[in-house]
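Each chain is listed here by its residues.
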Amino acid sequence: MPHAPGTGVADRAAGGSADTAPDDVVARARALLATPGLVVITGAPGSGRSAALRDLATAFRGPVFTGGGLAMLQDVPALALSRAVRVRLPAHDAALLAEAVRSRVRGGLLVVDDLQWADPATVAAVAALAAHTRVAVALRTPHRLPAEAVAGLRAAAAGWLTLPPLDAAAAADLARKVAPALGDAAVAEVVRRAGGIPLAVQALARHAAAGRPAPAAGRAAPASGRAAVAAGRAVPASGGPAQGSGGSAPDDGGPAPASGRVAPALGGSAGDDGDPVPALGGSAPDDGDPALASGGAAPDNGDPAPASGRSVPALGRSAPDDGDPDATGALPVAAPTPEVDQVAYAIAEALADLTRPARTAMAALGLLGRPAHPTMLGTGVDELREAGLVVALDVQAADLVGPASPYVAEVAAGMLDPAARAALHRRLAALTPDREAARHLAAAGDDAAAAARALAAADRAATVGERAELLLLACDLPGARPADATRIAAAAAALAAGRPRDAVRVLAAPGAPLGVDAAVLRAEALLQVGDLVGARAAAAPVPDDAPPPVRAGRDRVLLLARLATDRAGALGDAARHGDAPEHAGLRAAVAAVRAAARVPGWEFGLASAAEAAAAAGDPLATRWSAWLLVETLAADGRLREAAATADRAAAACAADLAYSWQARFLAAALWCVALRGDPGGTPADDVVRRAADLTDRTVPRLARAYAVAAASLVEADGGLLAPARARLAAAAPVPGAAALLGWVAREAAWLDGQPERAAEPSDDTAPPLVDGLRRITARWAAYDGGTAENGDRDPADLDATDGASAGLPAVRETLAAWSGTGGFDQAAAAWHDLVVREEVRCLLAAGLHEPDPERAVAALLAAESLAESAGLVVLLGRARRALRRHAVRRETRGPRAGSDLTERERDVLRLVAQGEPSRRIAGQLGISAETVETHIRAGMRKLGARTRTAAAALALEQLR
């Protein structure tokens, strides 16, 4: 069967799509071509037209003649048909041309790709062939075929089929198949940007999988890139840190300017400032539009640089920076890849076939990064609708239009040259509220006007995060000269939003000293980033005759700085301030000192300090007090209370767009849930998934550390030791969480049968619970390594050497049991409502140390039952090995007779044991995620396992 090579530019740009076109389109085309006739398959660039033709040709039983047009040879007569039949054809006469092709194709199938690049004779011949020959053609939208030629094709066609975009689930499956390593948040962002275009999904998924975070300076999306003006971003319903993936309507609920007047179209007259912007939405001929002509600047992977070459911070999310200036709660931005560049070029080539008003409207959507009212976009909207490039949206009862694929809109914006982009940004600034207008003016290089609009928007900002972003923008613009009051206000807002490094930077700008207010703010910011010496040095010079609020702020910094080095001295200083100072920040500091000393009622002190700070309008003191309450509760083993407090605080931070604090609270709550291990609580797989979603984002390092610790502990307990080790090895050291990560690493080593690594000493200062846990792990490591005996410690030394045992009865009971002065059964009871895995370990120790076989077996059976219900696979295996030493062969849910694992079930469970989630397993094995889950459930049923990790561990035992 003769075939000519495929000619789809979009397909070639991505190296060809291995995926098939939608089954219903191909099936309908096959049915229509059961007899001679013409089928036209249309779709946007990269929608899979060429794939549909390939599927159709593969399914056809008979000779197939494949040809197509070429963009570079559009004027060569009959080229598309000559490539199909591989002979020179008479192109001077359409009827003769059609007959020449028919005589060669006869009962076969003629396939013509990229008809939009064919000459008029070919288009006419295709319509004429429909009466006697089976013909399938692909036509890209938009295109430049004359209206009469399209009318002729429609009249001759038996079917005019439009390829639908992929739905969200199908696009997500495709992204995971292409890049199995992507997390859920990254997949969701790829799906959002691609807008259902298969090749865009593939290219963006590979791009995201291969990328790394961008440099710290100016991490925002470029002005014409994704979410260039992220106005009114909503916090995700899940409560996770916002990823900034979707814009919303402007602050006033619609696309009209803040004044309430109807927004003129982009093709209207020049703005009030007399800016000689051309009538971008007008009807000037295409060849007179150098800015948007097809020969303009090629897009740079769909994320072109803004006018003036500067990166302007995107509004709408505060960038947490406690140790990580990049932390925005957004997904990491990857470097360009050649594949993305090629796909973007193919899309740009298609957009060049639009008229000027339509290109301008599409570019405006790319610059806006959100839906807009049709009147705002000008006269090109109807053409975009007809081409399927925009969709109608009903947002808050407003009739808006948005791009079918945000990525295509980004490419359209990238086709603008710098001057045209700046002009369009200025026009959009005249049509949008101040918050968006500031961003557009900054991208256009008008720093003074951008700063003025940012300040105006900051005065009306509804959230702390929004206000901080706007004030920092006003201070950071190169051409702006912010007033001292603006810098101070920006620093205060940055502190409240969890961005202390930004506060330090804004206050450190060159110029005369800003006064005592700024000195206290700078001291507070340095304190938040952990520079105690700098904080003390900044606060100490503030005189006693300073205004009372300033003096109280100074005393707060000095008190907390002393707490870090001299707890007893700090307690004395706190007593001089009284239990409840009037200043909210100082009251929070006093409560922190009392909490550190565990003065009775410290919980109420921190909680009431947070409430007082909230009532006083001090968000920094509110969140800081809540965070300290969460940390202290967790440190004392009150994990259920700590998790509930963290969840409430995270929800409050989400409502205020304080994403840095939100990420910290969410990660701390996950750690509490993971450590507690309640069998009836959050499933272990959900803990790992949520922790991975946090670590997929750019979040503060402290939040990342808590999330890594949570996921690693759950994986290690579930027998997925290799993924846990890899996760811990990749974690960066973080002050404040080093001891926590260190204990999890030692615990994973002990679970992996490496007692020598688990027993390595640590000098890190640890919270009481973590300190006690690492001491307990050291006892287990010594026991397993045969380097210690039960009575090698003097019980009288416990209070002096084991500081953790003094305040935590469970730890104290456990250490006493190991020293021979207590019982492991009492220790297990002490852990019952605190940490399930430690209760299991105490029961296991009781069985191992009990000389009475009957009592030993009872303890081991209790350990086995609890470990199985909690999914503690490694501890479960250890309990069963101990039971076998007592000749106990206890049948639990044993495997079903005659139900051996299939080869595919073994493959799936082997990958589960390696720590791969279902979506990655699906990609590696070439099956759907639902099929993977089916195999896992079947394996669990056959092996008698209650969890997927248990099934994986049992499967590995069978494979050995």
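Residues numbered from 1 in each chain as written. Predicted model: local features only at pLDDT ≥ 70, side-chain atom pairs only at ≥ 80, totals over all residues. Heavy atoms only, no water.

A word on the overall build of the chain
Using the following cut-off: Only DSSP runs of H or I covering at least 4 residues are called helices, and only runs of E covering at least 2 are called strands; the numbering of each starts at the N terminus. The rule is simple: take the accessible area with a 1.4 Å probe, protein chains only, and divide by the maximum for that residue type; under 20% is buried, over 50% is exposed, in between is partly exposed. We call two residues in contact whenever any of their non-hydrogen atoms come within 4.5 Å of each other. Note that accessible areas follow from Shrake-Rupley with a 1.4 Å probe, and for residues the cover is restricted to the protein chains shown.
Check the secondary structure of the chain and you find 47 helices and seven strands. Expressed as a percentage of the 960 residues in the chain, the buried residues total 56%. A sequence separation of at least 24 residues applies to 70% of the contacts in the chain between residues at least 6 apart. For the chain, the exposed area adds up to about 37700 Å²; of that, 55% sits on carbon and sulfur atoms.

Looking at the sheet that holds strand β4 (residues 134-140)
Here is the rule we go by: Each pair of strands is called paired provided DSSP finds at least two bridges between the two strands. To define axes, lines are fitted to C-alpha atoms, for helices over the stretch in contact only, and angles between the resulting N-to-C directions are given on a 0 to 180 degree scale.
The five strands lie next to each other as β2-β3-β4-β1-β5, forming an open sheet whose pairing is parallel. The sheet is open, and its two edges are formed by β2 (64-68) and β5 (157-162), each paired on a single side. Ignoring strand direction, the axes of neighbouring strands in this sheet form an average angle of 15 degrees. Taken together, the five bridges between β2 and strand β3 (residues 109-113) define a ladder with parallel strand orientation. Residue pairing across strands places Gly67 opposite Val112, the latter belonging to β3.

Observations regarding the nonpolar core
So the rule is basically this: Here the nonpolar core consists of buried residues drawn from Ala, Val, Leu, Ile, Met, Phe, Trp, Tyr and Cys, with membership extended through side-chain atoms lying within 4.5 Å.
Grouped together as the largest cluster of nonpolar side chains are 159 residues, with contacts concentrated most on Trp661, Phe665, Trp671, Leu675, Trp743, Trp831 and Val840. With residues near it in sequence (within four places) discarded, Trp661 still touches Leu495, Ala496, Ala497, Gly498, Leu620, Arg623, Trp624, Trp627 and Cys653. Core analysis: the second largest hydrophobic core is formed by 55 residues, Ala200, Val381, Val408 and Leu428 among them.

Topic: empty space enclosed by the protein
Here the idea is plain: a probe the size of a water molecule rolls over the atoms and shows the empty space left. We count it as follows: Grid points spaced at 1 Å over the protein atoms alone were grouped into cavities, where a 1.4 Å probe fits but cannot get out, and pockets, open sets with protein on both sides within 12 Å along at least five of seven lines, with lining residues defined by an atom within 4 Å of a point. Grid points are joined across faces, edges and corners, and a volume is the space filled by probe spheres set on the points. In this count, Pro and Cys sit with the nonpolar residues alongside Ala, Val, Leu, Ile, Met, Phe, Trp and Tyr, while Asp, Glu, Lys and Arg are called charged and the others, Gly among them, polar.
Using the criterion set out here, one finds three cavities of 30 Å³ or more in the structure. Empty space within the second largest cavity amounts to approximately 40 Å³. Lining of the second largest cavity is provided by Arg701, Arg704, Ala705, Val708, Ala731, Ala732 and Val734. In terms of residue class, the lining of the second largest cavity is built from five nonpolar, no polar and two charged.

Digging into helix α33 (residues 721-730)
Rules: Arc definition: directions from the helix axis to the C-beta atoms.
Listed as buried for α33 are Leu721, Pro723, Ala724 and Leu728. Along the long axis of α33, the arc covered by the buried residues comes to 165 degrees, so they all point the same way. Exposed residues on α33 whose side chains face more than 90 degrees from its buried face are Ala729 and Ala730. Contacts from the buried residues of α33 go to α32 (701-717), α34 (738-751) and α44 (903-913).

Brief notes about unusual backbone geometry
Omega for the bond connecting Thr141 with Pro142 falls within 30 degrees of zero, at 0 degrees, which places this linkage in the cis form. For Arg86, which is not a glycine, the phi torsion comes out positive at approximately 60 degrees.

Looking at the packing of helix α28 (residues 619-635) against helix α29 (residues 639-655)
Formally: Should an angle fall under 35 degrees it is taken as roughly parallel, and over 145 as roughly antiparallel, whereas 65 to 115 is taken as roughly perpendicular and any remaining angle as oblique. Definitions for this section: a left-handed crossing has its near helix turned counterclockwise from the far helix by less than a right angle. A right-handed crossing has that turn clockwise.
Contact pair α28 / α29: the axes reach a minimum separation of 8 Å and the direction vectors enclose 160 degrees. By the angle class used here, α28 and α29 are roughly antiparallel. Like other packed secondary-structure pairs, α28 and α29 cross with a definite hand, here left-handed. Residues Arg623, Ala626, Leu629, Val630, Leu633 and Ala634 of α28 pack against Leu639, Glu641, Ala642, Thr645, Ala646, Ala649 and Cys653 of α29. Grouping the amino acids of the contact of α28 with α29 by side-chain chemistry returns ten nonpolar, one polar and two charged.

Structural notes on the side chain of Asp353
Basically, it comes down to this: Any pair of nitrogen or oxygen atoms within 3.5 Å is treated as a polar contact; in protein, a donor-acceptor pairing is required on top of that, and neighbouring residues in sequence qualify only through side-chain atoms on both sides.
On the secondary structure map, Asp353 appears in the loop between α11 (338-351) and α12 (356-368). One polar contact links Asp353 to Arg144, side chain to side chain, over a distance of 3.3 Å. Ignoring sequence-local partners within four residues, the contact set of Asp353 consists of Arg140, Pro142, His143 and Arg144.

So, the pattern of salt bridges
Test applied: Within this document, salt bridges are pairs made up of a side-chain nitrogen of Lys or Arg and a carboxyl oxygen of Asp or Glu, the two lying within 4 Å of each other.
As enumerated under the stated definition, the model contains 41 salt bridges in all. A salt bridge links Arg499 to Glu469; its shortest N-O distance comes to 3.2 Å. Here Arg499 is found in the loop between α20 (484-496) and α21 (500-507), whereas its partner Glu469 is found in helix α19 (residues 464-476), with 30 residues between them in sequence. Looking at Glu469, the relative accessible area reads 6%, which means it is buried. Of the charged contacts, one joins Glu838 and Arg837 as a salt bridge, the two residues approaching to 2.9 Å between their closest N and O atoms.

Remarks on a nonpolar patch on the surface
For clarity, the cut-off: Patch construction takes residues with relative accessible area above 30% that form no salt bridge. Like charges are linked within 9 Å, and nonpolar side chains (Val, Leu, Ile, Met, Phe, Trp, Tyr) are linked within 5 Å.
A cluster of nonpolar side chains, Met72, Leu73 and Val76, forms an exposed patch at the surface whose accessible area comes to about 310 Å². Val76 sits in the partly exposed class, given a relative accessible area of 33%.

Looking at α29
Heads up, the rule is: A helix is expected to span 1.5 Å multiplied by its residue count minus one.
In this model α29 runs 24 Å from its N-terminal to its C-terminal C-alpha over 17 residues, within 8% of the 24 Å that 1.5 Å per residue would give. Along α29, the residues that are buried comprise Leu639, Ala642, Ala643, Thr645, Ala646, Ala649, Ala650, Cys653 and Ala654. Where α29 is buried, its residues touch α28, α30 (659-676) and α36 (768-785). Just beyond α29, the residue with positive phi is Leu657, at close to 60 degrees.

Observations regarding the confidence of the model for the chain
The cut-off we apply is this: Each residue gets a pLDDT score, which is the predictor's confidence in that residue and runs from 0 to 100.
Here the chain averages 79 in pLDDT, and 79% of its residues register 70 or above. Mean pLDDT per element in the chain: helix α1 (residues 9-13) is the minimum at 33, and β3 is the maximum at 95. Of the regions scoring below 50 in pLDDT, residues 789-805 engages in 32 contacts with residues more than four places distant in sequence or in other chains.

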